[in-house]
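# Breakdown of the fold
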Amino acid sequence: MGTSFWLYALPNYAMAALMYSLLARYVLAFFMAPDTGNYIYRFFVRITDPVAAAVRFVSPAAVPAQVILLFGIVWLLILRFAFFLAMTGAGLAPTLEG
């Protein structure tokens, strides 16, 4: 396995964690008020705000906040796939060889 496994696994894991955190924030937003004191919801907001801000920067101003979260999920999924293709092309992605 060596170092090449970690060069692929850690960034991929971080992008997956952000993607699923955005999904959790999106679902929780249906049940929580935006100014709630719930620490779990506040955690998801704090973790995903940088991603949402980046997506809002490239999105039109008329896009609602909930849709920005969905766009963030899609952009992270595309980024993970592009990262996989780049790492596979460089020979650094893990293989199924035993």
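The rules behind these values
Residues numbered from 1 in each chain as written. Predicted model: local features only at pLDDT ≥ 70, side-chain atom pairs only at ≥ 80, totals over all residues. Heavy atoms only, no water. Phe/Tyr/Trp six-rings, centres within 6.5 Å; stacked < 30°, edge-to-face > 60°. Helix = DSSP H or I, 4+ residues; strand = E, 2+ residues; numbered from the N terminus. Buried < 20%, exposed > 50% of the residue type's maximum accessible area, 1.4 Å probe, protein only. Patch = residues over 30% accessible without salt bridge, like charges linked within 9 Å, V, L, I, M, F, W, Y side chains within 5 Å. Areas by Shrake-Rupley, 256 points an atom, 1.4 Å probe, with all protein chains shown as cover. Salt bridge = Lys/Arg side-chain N within 4 Å of Asp/Glu carboxyl O. Contact = heavy atoms within 4.5 Å. pLDDT = per-residue confidence, 0-100.

This part is about the packing of aromatic side chains. Considering all chains together, one arrives at five aromatic pairs under this definition. For the pair Tyr-8 and Phe-83, a centre-to-centre distance of 5.7 Å together with 5° between the ring planes defines the contact as stacked. You can see Tyr-8 sitting in helix H1 (residues 2-28) and its partner Phe-83 sitting in helix H3 (residues 65-89), a full 75 residues away along the chain. For the pair shown, Tyr-8 and Phe-83 are each scored as buried. Ring geometry for Tyr-8 versus Phe-84: centroids 6.2 Å apart, planes at 65°, classification edge-to-face. One end of the pair, Tyr-8, is in helix H1; the other, Phe-84, is in helix H3, and 76 residues separate them in sequence. By the ring-pair criterion, three or more aromatic residues cluster together here, those being Tyr-8, Phe-83 and Phe-84.

Take a nonpolar patch on the surface next. A cluster of nonpolar residues, Phe-57, Val-58, Phe-71, Val-74, Trp-75 and Ile-78, forms a patch on the protein surface that exposes about 680 Å² of accessible area. When residues of the nonpolar patch are traced back to their parent elements, those giving at least two are helix H2 (39-58) and H3. Ranked by residue count, the leading element in the nonpolar patch is H3, at four residues. Examined against the element boundaries, Trp-75 turns out to sit in helix H3.

Here we come to the pattern of salt bridges. Counted by the stated rule, this structure contains one salt bridge. When the shortest N-O distance is used, the salt bridge between Asp-49 and Arg-25 registers 3.0 Å. On the criterion of sequence distance, the pair formed by Asp-49 in helix H2 and Arg-25 in helix H1 is long-range, its members being 24 residues apart. Judged by relative accessible area, which is 36%, Asp-49 ranks as partly exposed.

When you line up the elements, Asn-12 lands in helix H1. The class of Asn-12 is buried, set by a relative accessible area of 14%. Discounting residues that sit within four places of it in the chain, Asn-12 has contacts with Arg-80 and Phe-83.

Right, let's talk about the confidence of the model for the protein for a bit. The pLDDT averaged across the protein works out to 92; a share of 96% of its residues lies at or above 70. Summarising per-element confidence for the protein, the mean pLDDT is lowest in H1 (92) and highest in H3 (96).

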